[in-house]
Amino acid sequence: MGEQFSLSNRTYAISGGTGILGGSIAEYLVNEGAKVILLGRSLEKLESKQKVLDQIAANSTTIFKVDVLSETELFRLKEIISTSFDTLDGLINLAGGNIPGATLRPDQTIHDIAMSDTQKVVDINLFGTVMPSIVLSGIMVKQGKGSIINISSMAAKQSISRVLGYSMAKAGVDIFTKWMAQELATKHGDKIRVNAIAPGFFIGNQNRKLLINEDGSLTERGQLIINNTPMKRFGDVMELNGMVHYLLSDASSFVTGSIFDLDGGFNSFSGV
């Protein structure tokens, strides 16, 4: 059973690995003996995170500055990974998030939505998952194995006010996960798997002001979330690591096309 869960000496690429969730997952993987390829648009942030990870395990991390919405850059990255690493055992698509212009204020209606910002959010969250998955899975097809993990959201499962673009994108990620899973399994074998994790509410830089006031108390929106979360708390970023570990490891060898909620019960609760 220990061998089934082992991630030692495997290589995993992570987009958005310099964020709070991605950074925690990267540190966990390095602690488990894995090699990590960090992908991001900010070389400064990548270098800073690499220093942290190399303190855990020297030479554990490689960084690449890449725009996951650029097909040209992704194919160049695919070529580099193919020639520089023995295998690519997994890909975690964490690039995404929301922007203020795509978030309606409480006093706004759907008619006030910023179309251009909404489209940007759809692009980074949906196509920022679709494009690297399609391009880098070519490495996995060639080697005959690999695990892809996408990031869904509670916003994909029911309407959550104010975040239309993010909700549409994450709903797209859900069906892409299922579509990509069946496509790879039926045409390239049972050793290439695609699944998604749907986090509940975790505090990050992008949503902190929406959920927590400067004095540490909950905003109205934050309180609504806690009221509808049976566990009565937000998630800790480290609580994602167990599911990531399972989906990357051989212990989940018969699992593909699935979306796993990590939400403290939010999606199971009607509010009554």
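First, a word on what this report is: a plain description of the structure on this page. (Residues numbered from 1 in each chain as written. Predicted model: local features only at pLDDT ≥ 70, side-chain atom pairs only at ≥ 80, totals over all residues. Heavy atoms only, no water.)

1. Comments concerning the overall build of the protein chain
For step 1, the next point in the chain: The helix and strand inventory of the protein chain stands at nine helices and seven strands.
For step 2, the next point in the chain: Against the compact-globule benchmark of 19 Å for 272 residues, the protein chain has a radius of gyration of 18 Å, which places it among compact chains.
For step 3, the next point in the chain: Overall, the protein chain is about 55 × 40 × 40 Å in size when its C-alpha atoms are taken along their principal axes.
For step 4, the next point in the chain: When burial is assessed residue by residue, the protein chain has 49% of its 272 residues classed as buried. (Helix = DSSP H or I, 4+ residues; strand = E, 2+ residues; numbered from the N terminus. Rg over C-alpha atoms; globule rule 2.2 N^0.38 Å. Buried < 20%, exposed > 50% of the residue type's maximum accessible area, 1.4 Å probe, protein only.)

2. A look at the sheet that holds strand β2 (residues 35–40)
Backbone hydrogen bonds hold the strands of a sheet together, and the pairing may be parallel or antiparallel.
For step 1, the next point in the chain: One open sheet holds the seven strands; their spatial order is β3-β2-β1-β4-β5-β6-β7, and the pairing between them is parallel. On the outer flanks of this sheet lie β3 (61–65) and β7 (259–262), each paired with one strand and no other. Across this sheet, the average inter-strand angle for adjacent strands is 20 degrees, counted without regard to direction.
For step 2, the next point in the chain: Sheet topology places strand β5 (residues 146–151) next to strand β6 (residues 192–199); six bridges connect them, and they run parallel. In the strand pairing of β6, I149 is matched with N195. (Pairing = 2+ DSSP bridges. Axes fitted to C-alpha atoms, helices over the stretch in contact; angles between N-to-C directions.)

3. Some points on the nonpolar core
For step 1, the next point in the chain: I37, L39, L77, I81, L88 and L136 are the most contacted members of the largest nonpolar core, which totals 28 residues.
For step 2, the next point in the chain: Put simply, the parts of the chain that give this core at least two residues each are β2, α4 (71–84), α5 (115–143), α6 (164–188) and β6.
For step 3, the next point in the chain: With eight residues, α5 is the single largest residue contributor to this core.
For step 4, the next point in the chain: Those residues in contact with I37 that sit more than four places away from it in its chain are T11, Y12, A13, I14, T62, F64, I81, F85 and L88.
For step 5, the next point in the chain: With 26 residues, the next largest nonpolar core counts I92, L94, I149 and V244 among its residues. (Core = buried A, V, L, I, M, F, W, Y, C linked by side-chain atoms within 4.5 Å. Contact = heavy atoms within 4.5 Å.)

4. A word on a nonpolar patch on the surface
For step 1, the next point in the chain: A cluster of nonpolar side chains, namely I110, L164 and M168, defines an oily patch on the protein surface of about 250 Å² accessible area.
For step 2, the next point in the chain: Inspection of the secondary structure puts M168 in helix α6. (Patch = residues over 30% accessible without salt bridge, like charges linked within 9 Å, V, L, I, M, F, W, Y side chains within 5 Å. Areas by Shrake-Rupley, 256 points an atom, 1.4 Å probe, with all protein chains shown as cover. Salt bridge = Lys/Arg side-chain N within 4 Å of Asp/Glu carboxyl O.)

5. Quick word on the packing of α4 against α5
For step 1, the next point in the chain: Across the interface, α4 lies against α5 with an axial gap of 9 Å and an inter-helix angle of 25 degrees. Relative to α5, the element α4 is oriented roughly parallel. For the pair α4 and α5, the sense of crossing is right-handed. Seen from α4, the contacting residues are E71, L74, F75, L77, K78, I81 and S82; seen from α5, they are M131, P132, V135, L136, G138 and I139.
For step 2, the next point in the chain: Partitioning the contact of α4 with α5 into residue classes produces nine nonpolar, two polar and two charged. (Parallel < 35°, antiparallel > 145°, perpendicular 65-115°, else oblique. Left-handed = near helix turned anticlockwise from the far one by under 90°. Nonpolar A, V, L, I, M, F, W, Y, C, P; charged D, E, K, R; others polar.)

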